Every structure is written in C-alpha cells, then in structure tokens.
Amino acid sequence: MKKRHVFCSAILILLLGACTGMKEEEKNTNSAAEKETGAQTDVVTSEHEAVQDHYTRTFLVSDQEKEDGFYEMRTWTDAYSVWIPVSATLDETYYMKRDDGWEQFLYSWIDEKANISYGVQGQFEDGEGTESGLRQLTRYMKFEGEYEKSEDDDHRYYFGKAVTEVGGKDGKEKVPVYSYLAFIEDKESEKTLSLIYEHNCSDWTNTCKADTKEIEDHFWKIVKSVTFDK
C-alpha cells in the first residue's frame, strides 16, 4: 500500500489564477510521458520511498543517488532538474503542467524520529520574469519581509523565511508552519523556479526535535541543486 505523507501546508496552490485545471489532452500526454520518462524499471533496486513509489520513480534521472540522501529529478517540462530527498514522494494529484512553460509540483516526506513533516512546493515558469514571479510568491505566502539576494555564475537567488498558522477551527489550537522561500532566476534565460520548503510537527501532542541549522542547510542543498537547461 502506498504510504502518503501529510503536512500542514500554508498554501496549496502557488498561482491560483494561472492554471485551474488540465485539459484532457494534457493529461493524456502526461500519461504517455510517464511510461517513457525517468528511472522506471521492472526491478526496483532501492528501499528508498522515492524509488519504491511508481509515480515518483518516473521523474528520477537515475535510481542511483546524486549525493547522499538525494536523487536528481526532471519534470515533464524537461527544462530543468532539481534534487528530491530519498524519502520523499511526489503528489500525483497536485502536479500540473501547461505546455512547456509552466508547471507546479509537490513532494513531501516525514522524519519519524524527529516527529517532523516536510513538504516542498515548486512552481516553474518560462517567460513571466522575476518581478512577476516574486510578486506572486510574496502575495500567496503573505510574506512581509525582505528577500535576501545572492548569486552564483548561473543563477540569482531570492530567499525569505516565514511562519504561518493553520487550523484553529472548531475551538482547536492553531499550529505554526515554518517556511523557507526561494526564488531562483536563470541568468541566461527567462526561466524561474519558486520553491516553498515547509516543515511542522507531525504530532503536536509530542515534542519535535527540530535542528534549525540542519533544516536550513537541507533547504539550501535543494535550492542549489536547481539546474536550468541552456
């Protein structure tokens, strides 16, 4: 039976107006691509959930780890690659793609020893530009801070932190969700990728063992793994 990861997401869709659904022909195209893409094999050689899960496996470049704890993943736009933790699985119902210039994905995993649930939401765009992308990310996360900016030879990075609260209905206590935000811009094209890395206690009745520095370092490994095709 497929194990599903559940976490308290502060936002379920990054761009509410950009893509409200998929056309039937897009679904058919994606289904055909699933049969031909990724590290799908008849023999599963790893015990990691990313490989064990059939849907997630179709996105993997290889069933060999790119770095300890991570696989390399390519989505159906075939425009970039990004790492996915070995324990993470992609949410098939969340994934959407519009042509080759827009898509969204979500993967999640649980650290049962630390009692922490994680989720990474991504939105790729080609042609919308940095100003528009940052404005969308800021609006839907209700981010009120300032982004820290940095760059390397190929990318510009915009980074922010946020804490939101979810729940609170029927007299229940609201619970905090901690988010790292990243907006990644390719220097040689109009390709961009927004990432929202969220974590919260899996079971709020027990103590969470969150190492803030370790979690942020993990976030940056995923951000720095992003490579846009030239």
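Residues numbered from 1 in each chain as written. Predicted model: local features only at pLDDT ≥ 70, side-chain atom pairs only at ≥ 80, totals over all residues. Heavy atoms only, no water.

A. Looking closely at helix α4 (residues 130-141). Helix length check: α4 (12 residues) gives 16 Å between terminal C-alpha atoms against 16 Å at 1.5 Å per residue, within 8%. Along α4, the residues that are buried comprise Thr130, Ser132, Gly133, Leu134, Gln136, Leu137 and Met141. Residues of α4 that are buried make contact with β6 (116-126), β8 (155-167), β9 (174-186) and β10 (191-201). Once α4 ends, the next one or two residues include Lys142, with phi positive near 55°. (Helix = DSSP H or I, 4+ residues; strand = E, 2+ residues; numbered from the N terminus. Expected span 1.5 Å × (residues − 1). Buried < 20%, exposed > 50% of the residue type's maximum accessible area, 1.4 Å probe, protein only. Contact = heavy atoms within 4.5 Å.)

B. Quick peek at the environment of Trp109. Tracing the backbone shows Trp109 in strand β5 (residues 102-111). Relative accessible area serves as the criterion here: at 7%, Trp109 is assigned to the buried category. C-alpha of Trp109 to C-alpha of Ala50: the two residues are 59 residues apart in sequence and 9.6 Å apart in space.

C. Quick look at the state of the cysteines. For the structure shown, the criterion picks out 1 disulfide. Cys201 shares a disulfide with Cys208; S-S distance 1.6 Å. Cys208 carries the same exposure label as Cys201, and that label is buried. (Disulfide = S-S within 2.5 Å.)

D. Up close: the environment of Gln136. Tracing the backbone through its elements, the reader meets Gln136 in helix α4. Accessibility expressed as a relative area gives 13% for Gln136, which makes it buried. Linking Gln136 and Ser194, residues 58 residues apart in sequence, is a C-alpha distance of 9.6 Å.

E. Highlighting the side chain of His199. Tracing the backbone shows His199 in strand β10. Setting aside chain neighbours within four positions, we find His199 in contact with Ile116, Ser117, Tyr118, Val177, Tyr178, Tyr180 and Ile215.

F. Looking closely at the packing of aromatic side chains. A full pass over the atoms with the stated rule returns 23 aromatic pairs. Between Tyr55 and Trp76 the ring centres are 6.1 Å apart and the planes differ by 90°, which places this aromatic pair in the edge-to-face class. Residue Tyr55 is found in helix α3 (residues 54-57), and its partner Trp76 is found in the loop between β1 (70-74) and β2 (80-85); the two are separated by 21 residues along the sequence. As far as burial versus exposure is concerned, Tyr55 and Trp76 are alike and both buried. Ring plane angle 65° and centroid distance 5.6 Å describe the contact between Phe59 and Tyr95, whose orientation is recorded as edge-to-face. With a gap of 36 residues between them, Phe59 in the loop between α3 and β1 and Tyr95 in the loop between β3 (89-90) and β4 (96-98) connect regions that are remote in the sequence. A connected cluster of aromatic rings, assembled from ring pairs, spans Phe105, Tyr107, Trp109, Tyr118, Tyr157, Phe159, Tyr180, Tyr197, Phe219 and Trp220. (Phe/Tyr/Trp six-rings, centres within 6.5 Å; stacked < 30°, edge-to-face > 60°.)

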